[in-house]
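So you can see what is in the structure, the chains are spelled out below.
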Amino acid sequence: MTPDQITLVQTSFAKVAPISDKAAELFYGRLFEIAPQVRVLFPDDVTDQRKKLMATLAVVVKGLSNLDTILPAASALARRHVQYGAEPAHYSVVGAALLWMLGLGSSWTPDVAAAWTAAYSTLSELMISAANSPRPEQASAK
Ligand code: HEM
């Protein structure tokens, strides 16, 4: 990612932050519409997941300019996702639902879309490889 793309992701995410609960609701609605097969992996009530997802995205978005700071938490998150039943192929549908949700904002432009695509690729590649690596980088990471 270029520094400009990181800034685009950060400023566009800041616009979603005030409506994060609604945004997360839209995200899950879209995800279960385009990938109904993943619905069973989630609890019936995803209220808690909505908050956790947006809080985690906020941390990731903040850490994009210094990936080392989020690596331990992202690796631990990836390992928990293996327990949840998340498979590598699911990352692309989650990414599609996420970009769709973000794209509902009025300031969505091709540059913002490209920046988010790059950010999500970075995060999902990192998580997929951490999920498949044999040992935690930091046993103490959350
Ligand atoms: C990079 C993208 C993703 C992020 C940032 C993310 C983030 C989160 C967070 C923060 C939670 C709350 C629980 C925890 O912290 O361990 C969660 C739960 C969950 N995620 Fe993800 N996730 C991502 C991708 C995926 C994918 C690809 C799947 C596959 C379908 C998935 C399935 C789940 C499920 C099933 C839960 C609920 C587990 C439960 O409460 O029983 N996530 N996710």
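This section reports on the structure supplied with the text. (Residues numbered from 1 in each chain as written. Predicted model: local features only at pLDDT ≥ 70, side-chain atom pairs only at ≥ 80, totals over all residues. Heavy atoms only, no water.)

Notes on the overall build of the protein
Applied cut-off: By definition, any uninterrupted DSSP run of H or I lasting at least four residues is a helix, any uninterrupted run of E lasting at least two residues is a strand, and each is numbered from the N terminus. Computation of the radius of gyration draws on C-alpha atoms alone. For the globule rule, the value is 2.2 Å times the number of residues to the power 0.38. Throughout this description, buried means an accessible area under 20% of the type-specific maximum (1.4 Å probe, protein chains only), exposed means over 50%, and partly exposed covers the range between. Each accessible area value is a Shrake-Rupley result obtained with a 1.4 Å probe; residue values ignore everything except the protein chains displayed when judging cover. By the counting rule applied here, Lys and Arg register as positive and Asp and Glu as negative, while His and the ends of each chain are not counted. Note on charges: their place is set at NZ of Lys, CZ of Arg, CG of Asp or CD of Glu.
Each helix and strand in the protein was counted, giving six helices and zero strands. The linear arrangement of helices and strands in the protein, starting from the amino end, is α-α-α-α-α-α. For 142 residues, the compact-globule estimate of 2.2 N^0.38 gives 14 Å, and the protein sits close to it at 15 Å. Along the longest, intermediate and shortest principal axes, the C-alpha atoms of the protein span 40 × 35 × 25 Å. Counting across all 142 residues of the protein, residues that qualify as buried make up 35%. Here the protein displays about 8,200 Å² of accessible surface, and carbon together with sulfur accounts for 59% of that area. Averaged over its 12 positive side-chain charges, the protein has a centre that lies 5 Å from the centre of its 12 negative ones.

Topic: the nonpolar core
Formally: Among the buried residues, those of types Ala, Val, Leu, Ile, Met, Phe, Trp, Tyr and Cys that are joined through side-chain atoms within 4.5 Å form a nonpolar core. Note on contacts: a residue pair qualifies if any of its non-hydrogen atoms lie within 4.5 Å across the two residues.
Formed by 38 residues in total, the largest nonpolar core has its most connected members in Val9, Phe27, Leu31, Met54, Leu98, Met101 and Trp116. When contributions to this core are tallied by element, the ones reaching two or more residues are α1 (3-16), α2 (20-34), α3 (47-63), α4 (71-84), α5 (90-103) and α6 (110-132). In terms of residues, this core owes the most to one element, α6, which gives nine residues. Apart from the residues lying within four places of it in its own chain, the contact partners of Met101 are Val16, Ala23, Leu26, Phe27 and Met54.

Thoughts on the site of the ligand
Cut-off, in case you're wondering: One heavy atom suffices: a residue is near a molecule or strand as soon as one of its heavy atoms comes within 4 Å of it. Any N or O atom pair separated by 3.5 Å or less is treated as a polar contact, with the protein-specific requirement of one donor-capable and one acceptor-capable atom, and with residues adjacent in sequence counted only for side-chain atom pairs. Any residue outside Ala, Val, Leu, Ile, Met, Phe, Trp, Tyr, Cys, Pro, Asp, Glu, Lys and Arg is labelled polar, Gly included; the first ten of those are nonpolar and the last four are charged.
Close to the ligand lie 19 residues, the nearest being Gln49, Thr56, Arg80, His81 and Tyr84. Here an oxygen atom of the ligand and a side-chain polar atom of Arg80 are 2.6 Å apart. Side-chain polar atom of His81 to a nitrogen atom of the ligand: 2.8 Å apart, as the coordinates give it. Of all the elements in the fold, those that place two or more residues in the shell around the ligand are α3, α4, α5 and α6. Across the shell around the ligand, the residue classes break down as 13 nonpolar, four polar and two charged.

Examining the coordination of the iron atom of the ligand
In plain terms, the rule: Because no water is among the atoms considered, metal sites can look incomplete, with donors defined as N, O and S atoms within 2.8 Å of the metal, or 3.2 Å for Na, K and Ca.
Within the protein, just one atom coordinates the iron atom of the ligand: His81 (NE2), at a distance of 2.0 Å. As for its placement among the helices and strands, His81 is situated in helix α4.

Some details on the environment of Asp45
Within the secondary structure, Asp45 sits in the loop between α2 and α3. We classify Asp45 as exposed; its relative accessible area is 52%. Sequence separation between Asp45 and Ala17 is 28 residues; the distance between their C-alpha atoms is 22 Å. A polar contact is formed between the side chain of Asp45 and the side chain of Thr47, at a distance of 2.4 Å.

Let's talk about the packing of aromatic side chains
Quick note on the threshold: Each pair of aromatic rings taken from Phe, Tyr and Trp, with Trp reduced to its six-membered ring, is defined by centres within 6.5 Å and is described as stacked if the planes are under 30 degrees apart, edge-to-face if over 60, and tilted in the remaining cases.
Considering all chains together, one arrives at five aromatic pairs under this definition. Geometrically, the ring pair formed by Tyr28 and Phe32 is tilted, given 5.8 Å between the ring centres and 35° between the ring planes. Highlighted residues: Tyr28 and Phe32, both in helix α2, separated by four residues, approximately one helical turn. Across the pair, exposure class does not vary: Tyr28 and Phe32 are buried alike. With 5.6 Å between their ring centres and 75° between their planes, Tyr28 and Phe42 make a pair best called edge-to-face. One end of the pair, Tyr28, is in helix α2; the other, Phe42, is in the loop between α2 and α3, and 14 residues separate them in sequence. Overall, Tyr28 belongs to the buried group, its relative accessible area being 6%.

Read these as layout, nothing more, since geometry by itself doesn't imply function.
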